[in-house]
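# Examining the three-dimensional arrangement
Here are the chains, one letter per residue:
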Amino acid sequence: MKLKALLVDDEINILKNLQLVIPWDSLDIEVIGTAKNGQFALDIAREHRPQLILCDIRMPVMDGIEFLGALREFDPDAEVIMLTGYQDFNYVRSVMRYEVKDYILKPIDYEELEKTISRLADGIRERSVEQITIQQEWKQVFHLAYEKILYDRLVDLGGGSTKPFAKLHELDESSLSFAMMLVDVADYTKKERTWEEKERKLWNFAIHNLLQENMVSFGVASSVLQVRSGEWCVLVETLPPETFERQRCIQWGEQLRQAVESYLKLTIRVALHPSPVSLEQLARTYKSLQRSLNLFQNATASVVLSEKARGGLDTPEQLWDRIEEMVTGLKRCDRRRTESALKELNESFRMLPEASFERIAPILHYLCIHLLREMRGMDVMTKEEEAAIWRQIDRNQGIRETLSVINKLVDLSLDSVMKKKTSDVLMLSAKDYIERNLSSELSIDALADYLGISGSYFSLLFKQHVGETFVEYVTKQRMEMAKSLLALSDKSVTQIGQMVGYVERRYFTRVFSKYTGMLPSEFRDRHQNQSGEADVPAWALQQRE
């Protein structure tokens, strides 16, 4: 980091000596100006903001003490070394209140001055690095808090405060709106059935990072929020006087689709809401986009525009709404709400003419898969129970059989939800949060605040349920993800470290070496050169073709 210095003295020879004798280049300091009095020095300091100032006390027009007083009004941080031929203590005392770092007597000992400058320069650089780190940490914390509010508004499960605020802008809630896209992996439920848990996490992590990287490249303020496994909501801030440009949003959606298909060989579907969405409309619009993607699967457009529900006793939209009502009831542990929605669904089919069965059957079949996907995300079924449900779904039965599967699925889920302890639900939410934010700053306090419990209680619960401490668990998740990325991708070690939550490469390398017993570069060389690729998921092999 190159620093800027300003030299101030009314004696021309001293200014020349300061410029020539002190090895500014080797100290990585640029002298950006010289001044013969405080008035000239103020003008230079205002324009260039030097971090280091060498200043005489006795000068005409404006002396060094008056200059310091004026300087501190707009720059409290510049380091100042005072140069004077006077040894009167009153002068020393008068400059101390302006936080002068050192006091050098004339005639100047240039060797001593060089050491003083070097020491102060080191201190400036250290503080600068600390300040940048603090700013990055605050930015990260602020961004996490901001995205938490967006996520809470999006899923709208009730409970908890979601006091509205706008990131980096002092706006009221009505002033902030978003361009909103929903991204979903095509046939995700079928794909997920074939994946081990590690592979599922890898897929989701890879897609999430790819979406984020592309949104950053578009140069817009955006948040990519994973709502459930295989599904993301992309929110782009549209602040006055900016206007919503539908065609530009469609282009973004198409670019996201192409990027995922090109890099991961996966097909994603993108739905766009055709107008700006306010903060209070997030949950309703999310459901609308989800409905558009899932009920109109045969749409040929690469980016689907959401449609309004048309109503009617036997419409796909009504069936969808009742399924969603059941899901909401289950997530809120509301047995009455869930059973009421299930009863309405059953009643509507009793009233449905058989002539409509053929049209409704494939829609109900898909809604059954959608419900199963939601239940899987809530972890309310055993693997055996889920496998049994899938066997029934795969038979591609008629409408009555599919309705029977839905009833069985809801009954199973209700029993599981009601049996779950509060602590089980909390830890499920904690693990989901960690998975969604693996590349971000994670801490016990942040997780405890997210769950609405104390840090000490969270630590106790986490150790009891997971069998290891929070730090051990997060480190393990990050290191396993890093191992996969090193073996599968061509990203640099620094980039991979940042992707799994480590800003500094050296710290990432140290943690990785302790965890695996080898450097990240050694791990990459060993695993990318293996002839057998037993640990390499299918998507990585596809990328190498």
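What counts and what doesn't
Residue indices follow the written sequence of each chain, beginning from 1 at its first position. Reporting in this predicted model follows two pLDDT cut-offs: at least 70 for local features of residues, and 80 or more for side-chain atom pairs to be given and counted; totals over whole chains, interfaces and linings ignore these cut-offs and use all residues. Hydrogen atoms and water are omitted, and side-chain values are computed over all heavy atoms in the structure. Only DSSP runs of H or I covering at least 4 residues are called helices, and only runs of E covering at least 2 are called strands; the numbering of each starts at the N terminus. Using a 1.4 Å probe on the protein chains alone, a residue whose accessible area is under 20% of its type maximum counts as buried, one over 50% counts as exposed, and one in between counts as partly exposed. Only the protein chains shown count as cover for residues, and all accessible areas are computed by the Shrake-Rupley method using a 1.4 Å probe. Directions are taken from the helix axis to each C-beta atom, and the arc is the one they span. For this analysis, residues touch if any pair of their heavy atoms sits within 4.5 Å. The rule for pairing is simple: two strands pair if DSSP sees at least two bridges between them. The angle between two axes is taken between their N-to-C directions and runs from 0 to 180 degrees, where each axis is a line fitted to C-alpha atoms and a helix contributes only its stretch in contact. Salt bridge, as used here, is a side-chain nitrogen of Lys or Arg placed within 4 Å of a carboxyl oxygen of Asp or Glu. Two distance rules govern patches: like charges are joined within 9 Å, and nonpolar side chains (Val, Leu, Ile, Met, Phe, Trp, Tyr) within 5 Å, applied only to residues with over 30% relative accessible area and no salt bridge. Within this scheme the basic residues Lys and Arg register as positive and the acidic residues Asp and Glu register as negative, but His and the chain ends are omitted. All charge positions are set by atom: Lys at NZ, Arg at CZ, Asp at CG, Glu at CD. Just so you know how the angles are binned, under 35 degrees is roughly parallel, over 145 roughly antiparallel, 65 to 115 roughly perpendicular, and the rest oblique. Nine residue types can take part in a nonpolar core, namely buried Ala, Val, Leu, Ile, Met, Phe, Trp, Tyr and Cys, and a core is a set of them joined through side-chain atoms within 4.5 Å.

Summing up its helical and strand segments, the protein has 22 helices and eleven strands in all. Each of the 545 residues in the protein was classed as buried or not, and the buried ones make up 51%. Summing over all exposed atoms, the protein offers an accessible surface of approximately 27,700 Å²; the carbon and sulfur share of this is 49%.

This part is about helix 16 (residues 444-451). Among all positions in helix 16, only Leu447, Ala448, Tyr450 and Leu451 are buried. Angular distribution of buried residues about the axis of helix 16 spans 160°; they occupy a single face of the element. In helix 16, those exposed residues whose orientation departs by more than 90 degrees from the buried face are Asp445 and Asp449. Just past helix 16, the residue Gly452 takes up positive phi, approximately 75°.

Turning our eyes to something else, we now look at the environment of Arg228. With respect to the helices and strands, the residue Arg228 is situated in strand 7 (residues 222-228). When the C-alpha atoms of Arg228 and Arg373 are compared, they prove to be 9.1 Å apart, with 145 residues separating the residues in sequence. Beyond its immediate chain neighbours, meaning those up to four positions away, Arg228 contacts Gln290, Asn294, His370, Arg373 and Glu374.

Here we come to the pairing of strand 9 (residues 268-272). For strand 9, the buried fraction is high: five of the five residues fall into the buried class. Burial along strand 9 is two-sided: the residues Ile268, Val270 and Leu272 and Arg269 and Ala271 are all buried. Direction of pairing for strand 6 (residues 177-185) relative to strand 9: antiparallel, over a ladder of five bridges. Across the sheet, the residue bridging to Val183 is Val270, located in strand 9. The pairing of strand 9 with strand 11 (residues 303-305) spans three bridges and is classified as parallel. Its bridge partner being in strand 11, Val270 is matched across the sheet by Val303.

All right, on to the sheet that holds strand 1 (residues 3-8) then. Strand order in this open sheet of five strands is 2-1-3-4-5, and the pairing throughout is parallel. Each edge of the open sheet carries a strand with a single partner, namely strand 2 (29-35) and strand 5 (102-105). Strand-to-strand twist across the sheet, computed as the mean angle between neighbouring axes with direction ignored, equals 20°. Note that strand 1 and strand 3 (residues 52-56) share four bridges and pair parallel. Within strand 3, the position partnered with Leu7 by the bridge is Leu54. Sheet strands touched by helix 1 (residues 12-21): strand 1, strand 2, strand 3 and strand 4 (79-84). Its angle to strand 1, the strand with the most contacts, is close to 155°.

Omega for the peptide link from Lys106 to Pro107 comes to 0°, which places this bond in the cis form. Tracing the backbone shows Pro107 in the loop between strand 5 and helix 5 (110-155). A positive phi angle, near 65°, is found at Val61, a position not held by glycine. If you trace the backbone, Val61 turns up in the loop between strand 3 and helix 3 (64-74). What makes Val61 exposed here is its relative accessible area of 70%. Phi is positive for Lys265, which is not a glycine, with a value near 55°. Structurally, Lys265 is set in the loop between helix 8 (246-264) and strand 9.

Attention now goes to the pattern of salt bridges. If charged atoms from side chains of opposite charge come close, those side chains can pair. Tallied over the full model, the rule gives 22 salt bridges. In this structure, Arg257 engages Glu261 in a salt bridge whose closest nitrogen and oxygen atoms are separated by 3.0 Å. Residue Arg257 and its partner Glu261 are located together in helix 8, separated by four residues, close to a single helical turn. Exposure remark for Glu261: the relative accessible area of 37% places this residue in the partly exposed category. A cluster of three or more residues bridged by salt bridges with shared partners is formed by Asp9, Glu11, Asp56 and Lys106.

Strand 7 sits mainly inside the fold: seven of its seven residues count as buried. In this structure, strand 7 lies alongside strand 8 (residues 231-238), joined through six bridges in antiparallel fashion. Bridging across to strand 8, Gln226 finds its partner in Trp232. In textbook terms, the turn of a hairpin is the stretch between consecutive antiparallel strands, and for strand 7 and strand 8 this stretch comprises two residues, one of which, Gly230, has a positive phi near 85°.

Together, Asp109, Glu111, Glu112 and Glu114 make up a region of like negative charge exposed at the surface. Tracing the backbone shows Glu114 in helix 5.

When two helices pack together, their arrangement is given by the angle between their axes and by how far apart the axes lie. One way to put it is that helix 18 (residues 470-488) packs onto helix 20 (residues 505-516) with a least axis distance of 11 Å and a crossing angle of 95°. Relative to helix 20, the element helix 18 lies roughly perpendicular. In this structure, helix 18 contributes Thr475, Lys476, Met479, Glu480, Ala482, Lys483 and Leu486 to the contact, and helix 20 contributes Phe508, Val511, Phe512, Tyr515 and Thr516.

Generally speaking, nonpolar side chains in soluble globular proteins are found buried as a group. One finds Ile434, Phe458 and Phe508 to be the most contacted residues of the largest nonpolar core, which totals 38 residues. At the level of secondary structure, the elements contributing two or more residues to this core comprise helix 7 (197-217), helix 15 (422-436), helix 16, helix 17 (455-466), helix 18, helix 19 (493-499) and helix 20. Among the elements that make up this core, the one with the highest residue count is helix 18 (ten residues). Counting 35 residues, the second-largest nonpolar core is a separate cluster that includes Leu319, Ala341, Leu364 and Val405.

Keep in mind these numbers describe shape, not what the thing actually does.
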